[in-house]
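The residues making up each chain are set out below.
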Amino acid sequence: MDNVLSVENLTKTYATGFAALKGVDLSIRRGEIFALLGPNGAGKTTLIGIVCGLVRASGGKVTVDGFDIAVDYRSARKKIGLVPQELATNMFETVWNTTVFSRGLFGKKANPAYVEKVLRDLSLWDKKDANIRALSGGMKRRVLIAKALAHEPEILFLDEPTAGVDVELRRDMWEMVRKLRESGVTIILTTHYIEEAEDMADRIGVIDKGEIILVEEKHALMRRLGQTRVCVSLTQKLDAIPEGLFDLPLTLSPDGKSLSFTQMGESAGHDGSKDASLARLLKNLIAQGVDFASVQSSQSSLEDIFIDLVGKSR
């Protein structure tokens, strides 16, 4: 799979001396959904701003589908659609006019049928003649998405697209994102709702303090850094772990009423080892005459992994 976006040694230092980006290298594959995660102030929006021509880089190179943004800005920018965090648009314009204008802004010929499809897909068609200022916050967010899609971009940036919106819009948006991906559009999203990234993304990138600390396939990341915790509730209190169970990495709870073990990394329940360890534990408990009431198992989420990664980088 070829790269549609390449970022090489990208830096950004503001007049105050604050280094927002410190030699960022990043490649985005054509047709993928890439989630860029990071805490507030990590550099996500600065990176997106540079790629989209809103922020001037201090150094480095950005190539969009073969076009250098510093040398051939217009050709590069035509490839990109951006849904920003802020509700920034002409509030006194109609939904239809602002969407059509956005299409023309990028030199695209008029195509009323396409604009209608975009508005219908975003449940905006019945609002096409309404002034944007009269819309709800969720509807205004939909207008931003319509504007970003108006010129049929090949790359779509979604910068915190579901911040402060209702559940219905979030559901509609992700359904639309899946359809765009199926049509070949590359999606790059930032979100504080990490469960969305876990559900949607093909690859995950983590940025912190202006540096990329990880880029990996989502499922490989979950296998490598995830963990599984198994807890067995006992019917009677134990004063210590029975000798016959010393071969397992068990922990006895302070109240003596449960035994637990945790497996890390690739062994964390993805290759059957967790099930084998649990079966051995239960077999040994029965052999030792230790009765148990229930067994609970939980696996770490992408959010757990993200919090751990960012915590270690600080």
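See the structure above.
Residues numbered from 1 in each chain as written. Predicted model: local features only at pLDDT ≥ 70, side-chain atom pairs only at ≥ 80, totals over all residues. Heavy atoms only, no water.

## As for the environment of Glu243
Piece 1. Tracing the chain through its elements places Glu243 in the loop between strand S11 (227–234) and strand S12 (251–252).
Piece 2. Judged by relative accessible area, Glu243 falls into the exposed class, the value being 68%.
Piece 3. In sequence terms Glu243 and Gln288 are 45 residues apart; their C-alpha atoms lie 9.2 Å from each other. (Helix = DSSP H or I, 4+ residues; strand = E, 2+ residues; numbered from the N terminus. Buried < 20%, exposed > 50% of the residue type's maximum accessible area, 1.4 Å probe, protein only.)

## Some remarks on helix H3 (residues 95–105)
Piece 1. Turning to H3, its buried residues are Val95, Thr98, Thr99, Ser102 and Arg103. For H3, the angular spread of buried residues about the axis comes to 140 degrees, placing them on one side. Turned more than 90 degrees away from the buried face of H3, the exposed residues are Phe101 and Leu105.
Piece 2. Looking at the buried side of H3, the elements it contacts are helix H4 (112–121) and helix H5 (137–149).
Piece 3. Among the residues trailing H3, Gly107 stands out with phi positive, at a value near 80 degrees. (Arc of directions from axis to C-beta. Contact = heavy atoms within 4.5 Å.)

## Brief notes about the sheet that holds strand S5 (residues 67–68)
Two strands in a sheet stick together by hydrogen bonds in their backbones, pointing the same way (parallel) or opposite ways (antiparallel).
Piece 1. Strand order in the open sheet made by the four strands is S2-S1-S4-S5, with antiparallel pairing throughout. Strand pairing shows two members of the sheet lacking a second neighbour, strand S2 (19–29) and S5, which therefore form its edges.
Piece 2. Two strands pair when backbone bridges link them, and strand S4 (residues 59–64) and S5 are joined in this way by two bridges, in the antiparallel orientation. Bridge pairing in S5 links Thr63 to Asp68.
Piece 3. Contacting strand S1 (3–13), S2 and S4, helix H1 (residues 44–51) runs over the sheet at an angle of about 115 degrees to S1. (Pairing = 2+ DSSP bridges. Axes fitted to C-alpha atoms, helices over the stretch in contact; angles between N-to-C directions.)

## Re empty space enclosed by the protein
Piece 1. Applying the stated rule across the entire model yields one cavity of 30 Å³ or more.
Piece 2. Approximately 60 Å³ is the volume found for the largest cavity.
Piece 3. What lines the largest cavity is simply Leu5, Val7, Leu26, Leu36, Leu47, Ile48, Val51, Phe157 and Ile188.
Piece 4. For the lining of the largest cavity, the secondary-structure elements that each account for two or more residues are S1 and H1.
Piece 5. Per-element tally for the lining of the largest cavity: the top contributor is H1, with three residues.
Piece 6. Residues of the lining of the largest cavity, tallied by class, amount to nine nonpolar, no polar and no charged. (1 Å grid on protein atoms, 1.4 Å probe; cavity = no way out; pocket = protein on both sides within 12 Å on 5 of 7 lines; lining within 4 Å. Points joined across faces, edges and corners; volume = space filled by probe spheres on them. Nonpolar A, V, L, I, M, F, W, Y, C, P; charged D, E, K, R; others polar.)

## Some words on the pairing of strand S8 (residues 186–190)
Piece 1. Burial within S8 is extensive, with five of its five residues counted as buried.
Piece 2. As defined by bridge partners, strand S3 (residues 33–37) adjoins S8 across three bridges and the pair is classed as parallel. Along S8, the bridge assignment pairs Ala35 with Leu189.
Piece 3. With five bridges connecting them, strand S7 (residues 155–159) and S8 associate as parallel partners. Bridged to Ile155 within S8 is Thr186.

## Some points on the pattern of salt bridges
Piece 1. The tally for this structure, following the rule as stated, stands at 14 salt bridges.
Piece 2. The residue Glu154 makes a salt bridge to Arg30 at a minimum N-O spacing of 3.8 Å. Linking Glu154 in the loop between H5 and S7 with Arg30 in the loop between S2 and S3, this pair joins segments that are 124 residues apart in sequence.
Piece 3. Judged by relative accessible area, Glu154 falls into the partly exposed class, the value being 33%.
Piece 4. With a shortest N-O distance of 2.7 Å, Asp202 and Arg181 are connected by a salt bridge. Linking Asp202 in the loop between helix H7 (194–200) and strand S9 (203–208) with Arg181 in helix H6 (residues 167–182), this pair joins segments that are 21 residues apart in sequence.
Piece 5. On the basis of relative accessibility, which here comes to 21%, the residue Asp202 falls in the partly exposed class. (Salt bridge = Lys/Arg side-chain N within 4 Å of Asp/Glu carboxyl O.)

## Points about the packing of aromatic side chains
Piece 1. In total, this model carries one aromatic pair according to the counting rule given.
Piece 2. Consider the rings of Trp96 and Trp125, whose centres lie 6.1 Å apart with planes at 75 degrees: the pair is edge-to-face. Here Trp96 is found in helix H3, whereas its partner Trp125 is found in the loop between H4 and H5, with 29 residues between them in sequence.
Piece 3. A cation sits over an aromatic face here: Lys12 above Tyr14, 4.8 Å from the ring centre.
Piece 4. Taking NZ or CZ as reference, Lys128 lies 4.6 Å from the ring centre of Trp125, over its face. (Phe/Tyr/Trp six-rings, centres within 6.5 Å; stacked < 30°, edge-to-face > 60°. Lys NZ or Arg CZ within 6 Å of the ring centre and 35° of its normal.)

Read these as geometric descriptors, not functional statements.
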